[in-house]
Amino acid sequence: MDIAVVGGSLGGLTVACLLADAGHDVVVYERSPSELEERGAGIGFLPATSRYLVEHAGIRLDEVAVSTGHIRYLTRDGTVAHDDEHRYLFSSWNTVYRQMLACFDRSAYRLGHELVEIDLEPLMLGFSNGLVIHPDLAVFADGVGSTARAKLLPDSRPQYSGYVAWRGVVPETELSSATREVLDDAITYYVYANSHILVYPIPGRDGSIAVGERLINIVWYRNYLAGDDLDDLLVDVRGVSREVSVPPGALRPEHIAEARAVAAARLPAPIAEVVLAIEEPFVQVVLDLEVPRMAFGRACLLGDAAFVVRPHAAAGTAKAADDAWMLRDALDRRPDDPAAALAAWAPGQLILGRNLLARTRAIGRRSQFDGTWRPGDPELIFGLLGPGE
Ligand SMILES: Cc1cc2nc3c(=O)[nH]c(=O)nc-3n(C[C@H](O)[C@H](O)[C@H](O)COP(=O)(O)OP(=O)(O)OC[C@H]3O[C@@H](n4cnc5c(N)ncnc54)[C@H](O)[C@@H]3O)c2cc1C
C-alpha cells in the first residue's frame, strides 16, 4: 500500500518504520521545516518506546538510556525520607528521535509539509504547499494540536488539568558533588502542598550516557488557575500567546525569577540547586484529551493526536509506539482490507488510551489537589498498561 504518515515525531516515525519494514511504501509528512532536534528533554524509557530500536535496529538499551536503581524521596531539609530499590531507564527525546530517524529512509521523510485538508471518501490529503495526495491509507500522528483530529472530531479538544510542568536540564558537572551524591543512581522526588518535582539523569546533548557527560532533568508540576493566571505564563518574551508550551529561551524573565525564588524558598537544597542551575527552563501545559474514535475508513489517529495523558506514568511515547505496533499487526492480519484492519485495531487502542488517561488523572489529582500522594505507593510506578507494566 501507499501509506501517508502525517507527523514525523516519535509516534509517526515508529509507525512509519514498522509499516515500511512490512513492505509498504511509506512517506512521512512533517510540518516542521527542519528536523526536530531541539524538542523536549527527558523521557521515561518504557519497553514499548524502545521496542523498535531493540528489535529492529539492534540497538542496546545501555547505548541510548541511563539506568537508575532507586526511587528516592527527600524531606524539606534534604535528607532521605524514603528509598525503594527500583530500576528505571531514562532517555531523552532527542536521542530517541535521532535513532528512529536513522532507521527510516530519509528521502521519504518530507519536512515542511503541513496537512491542511482531508477528505475521507475518496481518501485525499492536502498540504499548505499545494501538494495533494491520494494514499491507500493515512495515519495521523500530528500530536496534541492535531489538524486531522480538529477536522474529523471537532468536538474533541484537550482539557487543561489545572497545572503545568516546569522543565529543564543542566549538565551534571555544573552541580556540587554533595548534590550529585544525594541524587546519585535515583529518580528523586520532593512532594509538598499542591506540587511535586522529580529529578533524574538523562543522556547528554550528544547522546552520551557516560557519567560526567549526562544531563540532569527536572519535571516540576505547578498549579496555575485557568484564565489570567495561566494565560500570563504562556505569553512569551516576544508577547506571543502560546497554547501548549513555552520553549527554552521564551519564558518571560519575571516568571523565571518567580520559579527560582519559590525553588530557593521551598525545595530541599539539592533539588533547589538543580532548578537554579537551569539556564533556560521551559513549560509544558499538562492536558487531558480523549477521542471517541480512532479509525475513519482508511484513515486513523495515533499517539497524542488521539489521547493526551498526563506525564505521571511516563507513558506518552510508549502509548504512541503501542498504537503503531498494534496497527502493524492489524494490517498484517487483513492485508486485503485496510479499513477492516483499522476497524479491528481501534477498540483495543481506545481502551488503552482511556485506562491510561484515567490512571494518570487520578495520580495528578492526588498530588496537585488532594494531598494524598504517599512515597512508596506502588500505584505511582511508571508503566503503560498499569503500574510497572
Ligand atoms: C511534561 C511532559 C513530560 C512527558 N514525559 C514523558 C515521558 O517521560 N515519557 C513518555 O513516553 N512521554 C512523555 N511525554 C509525552 C510525549 O512527549 C508525547 O506523548 C509524545 O511526544 C507523543 O508523540 P506523537 O508522535 O504522538 O506526537 P508529537 O510528539 O506531538 O508529534 C506530533 C508531530 O506532528 C507534527 N505536526 C503537527 N501538526 C501537523 C500538520 N498539520 N501537518 C504535518 N505535521 C504536523 C508536529 O510538528 C510534530 O512533529 C511527556 C509530555 C509532557 C507534556
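Everything quoted here is computed from the prediction, not taken from an experiment. (Residues numbered from 1 in each chain as written. Predicted model: local features only at pLDDT ≥ 70, side-chain atom pairs only at ≥ 80, totals over all residues.)

Asker: For this particular structure, what's the right way to read the domain arrangement of the protein?
Answerer: Many analyses report the size of an interface as the accessible area lost when the parts associate. Structurally, the protein comprises domain 1 (2–59 + 94–158 + 288–380) and domain 2 (70–88 + 161–286). The C-alpha-based centres of domain 1 and domain 2 are spaced at 27 Å. On the side of domain 2, 26 residues touch domain 1, which itself brings 18 residues to the contact. Every element with two or more residues in the side of domain 1 that touches domain 2 is listed here: β3 (42–44), α4 (93–102) and α11 (338–370). Per-element tally for the side of domain 1 that touches domain 2: the top contributor is α11, with four residues. Split into classes, the residues belonging to the side of domain 1 that touches domain 2 amount to six nonpolar, nine polar and three charged. (Domains from an automatic or database assignment. Contact = placed C-beta atoms within 7 Å. Helix = DSSP H or I, 4+ residues; strand = E, 2+ residues; numbered from the N terminus. Nonpolar A, V, L, I, M, F, W, Y, C, P; charged D, E, K, R; others polar.)

Asker: Can you walk me through the site of the ligand in this structure?
Answerer: Contacts to the ligand come from 38 residues, most closely from G7, G11, G143, G303 and G316. When residues in the shell around the ligand are grouped by element, the largest group, four residues, is from helix α10 (residues 316–333). Here the shell around the ligand is composed, by residue class, of 16 nonpolar, 16 polar and six charged. A domain-level breakdown of the shell around the ligand finds at least three residues from each of domain 1 (2–59 + 94–158 + 288–380) and domain 2 (70–88 + 161–286). (Near = placed C-beta within 6 Å.)

Asker: Is there a simple way to explain the packing of helix α1 (residues 10–21) against α10 in this structure?
Answerer: What describes two packed helices is the angle between their axes and the distance between those same axes. Their axes nearest at 8 Å, the elements α1 and α10 cross at an angle of 25 degrees. Classified by the angle their axes make, α1 and α10 are roughly parallel. Between α1 and α10 the crossing geometry is right-handed. Counting all contacts with α1, which are made through L10, G11, T14, V15, L18 and L19, the residues of α10 involved are T317, A320, A321, D323, A324, W325, L327 and R328. Looking at the contact of α1 with α10 residue by residue, the class counts come to nine nonpolar, three polar and two charged. (Axes fitted to C-alpha atoms, helices over the stretch in contact; angles between N-to-C directions. Parallel < 35°, antiparallel > 145°, perpendicular 65-115°, else oblique. Left-handed = near helix turned anticlockwise from the far one by under 90°.)

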